[in-house]
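So you can see what is in the structure, the chains are spelled out below.
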Number of protein chains: 2
Amino acid sequence: MDDQTVSTQSVLRALANEKRMQMLEWLLDPTAHFPAQRDGDLVDDGVCVGAITDKIGLSQPTVTNHLRTLADAKLVTSRQIKNWVFYKADRTAVLDALTNLRSRFET
Amino acid sequence: MDDQTVSTQSVLRALANEKRMQMLEWLLDPTAHFPAQRDGDLVDDGVCVGAITDKIGLSQPTVTNHLRTLADAKLVTSRQIKNWVFYKADRTAVLDALTNLRSRFET
DNA sequence: CATCCATATAGCAAGTTACCTATATTGCCT
DNA sequence: AGGCAATATAGGTAACTTGCTATATGGATG
């Protein structure tokens with residue numbers, strides 16, 4: 001329950017930034033937002049950092065940092081393939097977090 | 001829609017702080033968390049700043065500031081009676097904001 | 001009208017966040 | 001092995017957040 005509190009806060013902090021919100025929305029529907037990748041399937045593996053960096057217009061380290069924040073909140077997962085790291089949204093985790101949040105506010 | 005974006009962010013920023021989350025939860029069920037007030041009904045009028053200040057253990061100006069953040073996000077409303085200001089949670093606004101947020105993440 | 005009480009505003013300090021550039025790390029390829 | 005490519009880490013700066021104390025404001029009351 002205290003653990004719950006911490007995690008809800010980390011989710012809220014992760015979402016309370018437009019750039020991260022944008023990235024998460026893109027990652028939830030990667031084929032709509034990113035070109036196909038040579039190594040790694042957009043849907044199965046996720047989107048590589050470079051593609052996100054190109055699209056969002058921030059430096060690569062800043063993007064890596066935002067992705068870490070999303071990962072800390074368990075909203076995205078990452079996997080390494082060769083020397084790429086692919087980030088993938090966890091839709092279930094996102095929706096569960098919101099359900100959880102909502103339950104705090106219902107009577 | 002851009003307006004929507006801004007407002008979603010203000011809601012998320014408002015909730016992404018434990019003290020404000022706490023206050024909002026209290027304000028959603030005031031009778032469970034605050035003693036009856038002489039001037040102003042807890043449910044109908046809301047909770048006065050002083051009562052919130054006593055309970056949360058922050059200075060009065062800090063509490064006023066947090067309440068403003070919640071009010072900017074439209075999660076609470078305020079009304080003045082005599083020289084008290086009563087803050088009241090807007091449950092509908094809270095739930096609508098979450099519904100709205102969720103709709104961004106559904107397929 | 002003087003004062004008191006409740007809240008708001010001003011202004012400041014400390015901590016955190018968001019961004020950058022430079023560099024390290026790691027894996028691949030010739 | 002050497003170099004290239006992709007990402008992570010380090011380190012620095014500016015802006016924002018969170019808290020405080022001191023003070024202003026404005027209604028109520030003796």
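Structure: see above.
Attention in this report is confined to the structure presented alongside it. (Residues numbered from 1 in each chain as written. Chains lettered and ligands numbered in written order. Predicted model: local features only at pLDDT ≥ 70, side-chain atom pairs only at ≥ 80, totals over all residues. Heavy atoms only, no water.)

**A few points about the environment of B:R13**
Residues and elements named next belong to chain B. Take R13: it is sitting in helix α1 (residues 2-15). Judged by its relative accessible area of 46%, R13 is partly exposed. Along the chain, R13 and S59 lie 46 residues apart, while their C-alpha atoms are 21 Å from each other. (Helix = DSSP H or I, 4+ residues; strand = E, 2+ residues; numbered from the N terminus. Buried < 20%, exposed > 50% of the residue type's maximum accessible area, 1.4 Å probe, protein only.)

**Focus: the packing of helix α2 (residues 18-28) of chain B against helix α4 (residues 49-56) of chain B**
All names here are of chain B. It is at 12 Å that the axes of α2 and α4 come closest, and there the two elements cross at 125°. Taken together, the axes of α2 and α4 are oblique relative to one another. For α2 against α4, the interelement crossing comes out right-handed. Across the interface between the two elements, K19, Q22, M23, W26 and L27 of α2 pack against I52, K55 and I56 of α4. Class assignment for the residues of the contact of α2 with α4 results in five nonpolar, one polar and two charged. (Axes fitted to C-alpha atoms, helices over the stretch in contact; angles between N-to-C directions. Parallel < 35°, antiparallel > 145°, perpendicular 65-115°, else oblique. Left-handed = near helix turned anticlockwise from the far one by under 90°. Contact = heavy atoms within 4.5 Å. Nonpolar A, V, L, I, M, F, W, Y, C, P; charged D, E, K, R; others polar.)

**Considering the sheet that holds strand β2 (residues 76-81) of chain A**
Residue and element names in this part refer to chain A. Across the sheet, which stays open at both edges, the three strands sit in the order β1-β3-β2 with antiparallel pairing between neighbours. Every interior strand has two partners, whereas the edge strands, β1 (47-48) and β2, have only one. In terms of strand pairing, β2 meets strand β3 (residues 84-89) through six bridges, oriented antiparallel. Across the sheet, R79 pairs through a bridge with F86, a residue of β3. (Pairing = 2+ DSSP bridges.)

**Describing the protein's contact with DNA strand D**
Close contacts around DNA strand D come from 21 residues, with A:G50, A:Q60, B:S59, B:T62 and B:H66 the closest. Within 4 Å of the protein, the atoms of DNA strand D are drawn from sugar and phosphate moieties in a proportion of 69%. A distance of 2.8 Å is found between a phosphate oxygen of DNA strand D and a side-chain nitrogen or oxygen belonging to A:R68. The separation between a base nitrogen of DNA strand D and a polar side-chain atom of A:N83 is 3.4 Å. Counting only elements with at least two residues in the surface near DNA strand D, the list comes to α4 (49-56), α5 (60-72) and β3 of chain A together with α2 and α5 (60-72) of chain B. Tallying contributions element by element places α5(A) first for the surface near DNA strand D, with four residues. (Near = heavy atom within 4 Å. Polar contact = N/O pair within 3.5 Å; in protein donor to acceptor, adjacent residues only side chain to side chain.)

**Brief notes about the relation of the copies chain A and chain B**
For the pair chain A and chain B, the relating rotation is 180°, the translation along its axis is 0.0 Å, and the fit reaches an RMSD of 0.0 Å. Taken together, these values place the two copies in the relation of a two-fold axis. No C-alpha of chain A lies nearer the rotation axis than that of A:L12, which sits 3.1 Å from it. The fraction of interface residues of chain A whose copies in chain B are also interface residues reaches 100%, indicating that both copies meet through the same surface. (Least-squares fit on C-alpha atoms with pLDDT ≥ 70 in both.)

**Looking at the pairing of β3(A)**
All names here are of chain A. Both β1 and β3 contribute to a ladder of two bridges, which runs antiparallel. Among the inter-strand pairings, V47 is bridged to a residue of β3, identified as Y87. Connecting β2 to the next strand, β3, in antiparallel fashion are two residues, including K82 with a positive phi near 55°.

**Quick notes on the protein's contact with DNA strand C**
Around DNA strand C, the structure places 21 residues, and the nearest of them are A:S59, A:H66, B:G50, B:Q60 and B:R68. Backbone atoms, meaning sugar plus phosphate, form 71% of the atoms of DNA strand C positioned within 4 Å of the protein. Contact distances for DNA strand C include 2.9 Å between a phosphate oxygen and a side-chain N or O atom of A:R20. Between B:T64 and DNA strand C, the recorded distance is 2.9 Å, taken from a side-chain N or O atom to a phosphate oxygen. Every element with two or more residues in the surface near DNA strand C is listed here: α2 (18-28) and α5 of chain A together with α4, α5 and β3 (84-89) of chain B. The element best represented in the surface near DNA strand C is α5(B), accounting for four residues. Within the surface near DNA strand C, the residues separate by chemical class into eight nonpolar, nine polar and four charged.

**Some remarks on the sheet that holds strand β2 (residues 76-81) of chain B**
All names here are of chain B. An order of β1-β3-β2 is seen for the three strands of this open sheet, with the pairing classed as antiparallel. Each edge of the open sheet is held by one strand with a lone partner, namely β1 (47-48) and β2. Sheet strands touched by α2: β1, β2 and β3. Its angle to β3, the strand with the most contacts, is close to 90°.

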